[in-house]
Every structure is written in structure tokens, then in C-alpha cells.
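# Residue-level structural notes
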Amino acid sequence: MNEIIFTLNGKTVSCPFEPTRRLLDVLRQDFNLIGVKEGCGEGECGACSILLDHNVVNSCILPLGNVHGKDIMTIEGFKTTKRFKVIEQAFIEMGAVQCGFCTPGMVMSTESLLHHNPHPTDQEIKIALSGNLCRCTGYNMIIDAVKKASIVGDGLW
Amino acid sequence: MVNHGMPQTLEEALILLKNDEYQIIAGGTDLMVQHRHWAQTLPKIPKPVLFIHHVKELNYLLDTPEYLEIGATTPMDMIMSSPLVPKILQHTIEEIAAPGIRHMATLAGNIANASPAADGLCTLIALSADLVIASLDRKRMIKVEEVISGPKRNKLAKDEMIIAIRIPHQDQSMSEFYKVGGRRADAISKVSLAAVIHVHQSIITNWHLAFGAVGPRVVHDIHTDQRMIGMKIDDVKRQTDAIIAMYEPLITPIDDQRSTAVYRKQVALNLIRRVIINLH
Ligand SMILES: Cc1cc2nc3c(=O)[nH]c(=O)nc-3n(C[C@H](O)[C@H](O)[C@H](O)COP(=O)(O)OP(=O)(O)OC[C@H]3O[C@@H](n4cnc5c(N)ncnc54)[C@H](O)[C@@H]3O)c2cc1C
Ligand code: FES
Ligand code: FES
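Residues numbered from 1 in each chain as written. Chains lettered and ligands numbered in written order. Predicted model: local features only at pLDDT ≥ 70, side-chain atom pairs only at ≥ 80, totals over all residues. Heavy atoms only, no water.

### Focus on the interface of chain B and chain A
- At the junction of the two partners, chain B supplies 31 residues and chain A supplies 34 residues.
- Summed over both partners, the interface of chain B with chain A buries about 2700 Å², with 60% contributed by carbon and sulfur atoms.
- If you sort the residues of chain B by the area they bury against chain A, Met6, Met32 and Arg36 of chain B come out on top, with a joint share of 19%.
- Where chain B packs against chain A, one counts one salt bridge. (Contact = heavy atoms within 4.5 Å. Buried area = accessible area lost by both parts, 1.4 Å probe. Salt bridge = Lys/Arg side-chain N within 4 Å of Asp/Glu carboxyl O.)

### A short note on empty space enclosed by the protein
- According to the stated counting rule, one finds four cavities of 30 Å³ or more in the structure shown.
- By volume, the largest cavity is sized at about 70 Å³.
- If you go around the largest cavity, you meet 14 residues; those closest to its centre are Asn58, Gly131 and Asn132 of chain A together with Ala98 and Gly100 of chain B.
- Of all the elements in the fold, those that place two or more residues in the lining of the largest cavity are strand S4 (55-58) of chain A together with helix H5 (99-102) of chain B.
- Ranked by the residues each element gives to the lining of the largest cavity, the list is headed by H5 of chain B, at three residues.
- Looking at the lining of the largest cavity residue by residue, the class counts come to five nonpolar, eight polar and one charged.
- In this model, the second largest cavity occupies a volume close to 50 Å³.
- In this structure, the second largest cavity is lined by Arg22, Gly41 and Cys60 of chain A together with Met32, Arg36, His37, Trp38, Thr41, Leu42 and Pro43 of chain B. (1 Å grid on protein atoms, 1.4 Å probe; cavity = no way out; pocket = protein on both sides within 12 Å on 5 of 7 lines; lining within 4 Å. Points joined across faces, edges and corners; volume = space filled by probe spheres on them. Helix = DSSP H or I, 4+ residues; strand = E, 2+ residues; numbered from the N terminus. Nonpolar A, V, L, I, M, F, W, Y, C, P; charged D, E, K, R; others polar.)

### Side note on the packing of helix H3 (residues 82-93) of chain A against helix H6 (residues 140-152) of chain A
Residues and elements named next belong to chain A.
- Between H3 and H6, the least distance of the axes is 8 Å, while the angle of their chain directions is 140°. The orientation of H3 with respect to H6, classified from their angle, is oblique. Crossing of H3 over H6 shows right-handed handedness. Facing H3, whose interface residues are Val86, Ile87, Ala90, Phe91 and Glu93, H6 presents Ile142, Ala145, Val146, Lys148, Ala149 and Val152.
- Each residue belonging to the contact of H3 with H6 can be placed in one class, and the counts come to nine nonpolar, no polar and two charged. (Axes fitted to C-alpha atoms, helices over the stretch in contact; angles between N-to-C directions. Parallel < 35°, antiparallel > 145°, perpendicular 65-115°, else oblique. Left-handed = near helix turned anticlockwise from the far one by under 90°.)

### Quick word on the sheet that holds strand S2 (residues 11-16) of chain A
Residues and elements named next belong to chain A.
- Taken together, the five strands give an open sheet; going across it, the order is S2-S1-S5-S3-S4, and neighbouring strands pair in mixed fashion. Only two strands of the sheet have a single neighbouring strand rather than two, namely S2 and S4. Shown here is a sheet whose adjacent strand axes are inclined to one another by a mean of 40°, direction ignored.
- The sheet contact formed by strand S1 (residues 3-8) and S2 spans six bridges and is antiparallel. Within S2, the residue paired with isoleucine 4 across the bridge is cysteine 15.
- The sheet strands contacting helix H4 (residues 103-116) are strand S3 (49-52), S4 and strand S5 (71-73), and the helix crosses S3 at an angle near 35°. (Pairing = 2+ DSSP bridges.)

### Some points on the side chain of threonine 92 of chain B
Residues and elements named next belong to chain B.
- Structurally, the position occupied by threonine 92 is in helix H4 (residues 87-94).
- When its relative accessible area of 0% is taken as the criterion, threonine 92 is described as buried.
- Polar side-chain contacts of threonine 92 include one of 2.8 Å to the side chain of threonine 123.
- In this structure, threonine 92 is in contact with Asp119, Gly120, Thr123 and Phe177, ignoring residues within four places of it in sequence. (Buried < 20%, exposed > 50% of the residue type's maximum accessible area, 1.4 Å probe, protein only. Polar contact = N/O pair within 3.5 Å; in protein donor to acceptor, adjacent residues only side chain to side chain.)

### Digging into the pairing of strand S9 (residues 161-168) of chain B
Residue and element names in this part refer to chain B.
- S9 sits mainly inside the fold: six of its eight residues count as buried.
- Examined bridge by bridge, strand S4 (residues 67-71) and S9 share five bridges and lie antiparallel to one another. Opposite glycine 71, over in S9, you have alanine 164 as the bridge partner.

### So, the pattern of salt bridges
- The full count for this structure, using the stated rule, is 19 salt bridges over all chains.
- Here glutamate 248 of chain B ties to lysine 265 of chain B by a salt bridge, and the two come within 2.9 Å at their closest N and O atoms. One end of the pair, glutamate 248 of chain B, is in the loop between helix H10 (240-247) and helix H11 (261-278); the other, lysine 265 of chain B, is in helix H11, with 17 residues separating them in the sequence.
- Its relative accessible area of 32% is what places glutamate 248 of chain B among the partly exposed residues.
- The residue aspartate 256 of chain B makes a salt bridge to arginine 264 of chain B at a minimum N-O spacing of 3.2 Å.
- Among the charged side chains, a network of salt bridges with common partners joins Glu18, Arg21 and Asp30 of chain A.

### A few points about the layout of surface pockets
- Taken as a whole, the second largest pocket holds about 530 Å³ of empty space.
- Along its surface, the second largest pocket is lined by 20 residues, and Leu113 and Ile127 of chain A together with Asp77, Met80 and Pro99 of chain B are the ones closest to its centre.
- Mapped by element, the contributors of at least two residues to the lining of the second largest pocket are S4, H4 and helix H5 (122-128) of chain A together with helix H3 (76-80) and H5 of chain B.
- The greatest single-element share of the lining of the second largest pocket, amounting to four residues, is contributed by H4 of chain A.

As C-alpha cells, this is what we get:
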């Protein structure tokens, strides 16, 4: 095998066979998808969250080898969807964004949650966001925003 | 130089393992952190890597009359949400990391990594689970706890891999997993206790306590557990202090960056008391 092939934001892409490379580096360096952030680099903060086959994962500890044949979505790809617009609007209205560093990851975790569970309880929202740290908002506004998105976007998920 | 391997089938994986020495990666959630290097550089993994994530035939849950079998590459998230899985194991996985990790991480990785603080490992030991281990030439079964030789060391041969975990069906109506850590998500246990218990007509008929992060390996002493079988719960409650004293010598924690030995010991003993208070 000399290439790793996967779907990235709806397009088929291929990379040289370097399967131990972190997906985070591939996304940022090779594809210039810099909405994917690096915070801790060890799976604890969620700034690097992306979707793999519609499930949120931490791209900083995801080896490229595990991505072969999968469907990867980053914030850049998700931005073009209706569901993103609803989440974006809810985040703005509820004051869920301050510096914005955690936001792409928060949005991807939100999408992963709503995809599987369109009407989550507060507790389910907290669990869904439990791997995403935010140093600014204090979380309440983010939880409110997810709740709001699930109501306003009813039927989209 | 040997290249990294990305087998699609179990047979391909076992052939590669037979011919060369590899570092297996399943979800990578332990290995990628352990071998982490600078940002934008490759992790420093000293051996070629065998990626088993794509071996689909190992991604399954299978219920049989005697046991539940979980394939080695089944992600934790899928195990957690399966109705086939004992509640105590579901609760344990809910306490492991956060959704992003649980979508990739595997129980086989949690076991093979052999951390004394591994939560899945702790509960599987309390559940008397077995491992199915395979190499190209043979297949064998071994108790989960017997595969662990020390902190971060397992007894798998170079050409072997875990292919499945078997959890025997058993009566365990009063089982519970207790985890004490720094934060709800993403916290490695300071102390944990998996209690697999069944009471029939006020008499203990199943009793296994496994403690995490209080020794070089998960602590589980079948002889001590056996002494509880046949006891009436009233007697267990009356003799709480004596029972705690019986387990006390097994609990030998150390100081590290996450906690102190004194704290860990006290909490572990308090958790036994909690288990006994909750008996009914
Ligand atoms: C932020 C964060 C939080 C975490 N929180 C917790 C927690 O709360 N509790 C907890 O217990 N753990 C926790 N972990 C650790 C880790 O997620 C788990 O141990 C996980 O189960 C490892 O599985 P994996 O498939 O990712 O393993 P990998 O990293 O792929 O592999 C781990 C080890 O197992 C070996 N291995 C994997 N599969 C096999 C196989 N089939 N046969 C033989 N060897 C194999 C590998 O060679 C390696 O030595 C956390 C990790 C992170 C990054
Ligand atoms: S950068 Fe990936 S979890 Fe922090
Ligand atoms: S808004 Fe700044 S880290 Fe969340």
C-alpha cells in the first residue's frame, strides 16, 4: 500500500502512506484546514475534534492509518450545511463564543450529539461536551446554545 | 526495513505478526499519547506498527448461552450502548474519558496496555472475563487478569494478539463500579472499585472485588472473595470492619502525580464500606 485514501469534507483525497502521522497535522499542514485546533495534543481538550463517520474523535491522537476508507468532516466542511447555520446562530445568540479557540471542537461535538440524539437532555449535552474544554465561557452558555440549536433545528437531525 | 501493516482480515494480521515484530495499534488512544513527540512530527514509535482498526471481523458483539463475546476492535462507544452488555461494564465505560476517545478506544487496548488504573480492565477482572488470544499457529484462552504481568506489561507473545473478550453470564444484580478521579471526563482513576455481587434470599452467592490504581496491577484476590460466599447480608453488615480488615493487606498503593498512597488506601477501604452499605 502506498497511499491512504479517505473522504474529506465530501471529496475523495489521498495522502502518502505515513500511517502513524497524526490526522491533526495532515489536516492542518497538507489541507490547510486550520479550523482544526491543537490545544493539548493528548486527547484531553477537544480543540482538535472532527467527525469520523459522523462520530466525534480527537484528531491529535488519531493516526492517519485509522482513517483509510473513512469519511472525515472538519468544521470547514460542516460550515456549508444548514445544521451548521442553526448551531452557529444558537452559539451567537446564547453568548457561547468568546475567544473562539474551543468553538470548532464544541460545534463538532454538538453535531455528533444531535446526529445521534436530536433532543438531548441537559445531562446528555454535558456528557457530549465533556471532552471539550473552554477557558472562557464557563460552559453554561454553550449548554444553552446546544439546547437552543436542538429546538430551533427541530427536524434537521 | 519492515513497513507498517494495515491488514483487512484477521488472517493477514496474524501472518504479519508471525513474520515480523510489530507494535499493534487499535484505537491508538494510549499509544499515540505515550509516543507523542513535537507537534507536526511523527510519534516516536520504536517498531513498525500493525493497524488492526480495519479488521472488521473483530468488530462485533455476540451473545451465546454461556457468555457475551466482544471482538477486539469493537469501539468502546458501541459496547457502552449495546443492550447485551452487563450494566456494570456500561457504567464503567461511561466513566472512561469522553465521547471522542470512546469512539476510537477499545477494551482490548485497555487490557493490553496493562495500566493498574485501567477502568475497563478492572471491571473485566471482577466479571471473571476471559481473553481469546490468537497467533497463526494456535488459539488459546486465558483469564484477563492472568495476561497482566506488571504495570504496563502483558504476557502476550510477539506473534499473538487479543481477538476477543468473553464475559461469562452470571447472576450479579448488585454489581457497581465506583471511580474516584479528578474530573468527570478524561480523568485517570485515583482509585476505582469494581464490585460484582449477587444476593439470593439474603445470602451472598457471587462476590468479586477488583481495585484499580492501588497496586502495581489491578488487585483481585479470589481467595478473599470466596470467604464472602454463603454469608448472610445481615452478618456482612455486622462484620463490616472485619471484612474491610480482611481486604486491607491487599491494598498497596503508591504516591504519584495523581494522588498519594495514604489517600488511595483510605478511599479504597471506604469504597468497600460503601459496597456493604448498599447491599440489600
Ligand atoms: C484523554 C484520555 C482519557 C482517558 N481516560 C481513561 C479512563 O478514564 N480510563 C481508562 O481506563 N483509560 C483511559 N484512557 C486510556 C485509553 O483511552 C484506554 O486505555 C483505551 O482503552 C485504549 O484502547 P486503544 O484501542 O486506543 O489502545 P491503543 O492505544 O491502540 O493500544 C494500547 C495497547 O494495547 C495494545 N493492543 C491494542 N489492541 C490489541 C490487541 N487486540 N491485541 C494485543 N494488543 C493490543 C497495543 O499494542 C498497545 O500496547 C484515556 C486516554 C486519553 C487519551
Ligand atoms: S488537541 Fe486534541 S484533544 Fe487537545
Ligand atoms: S471561547 Fe475561549 S476557550 Fe472557549
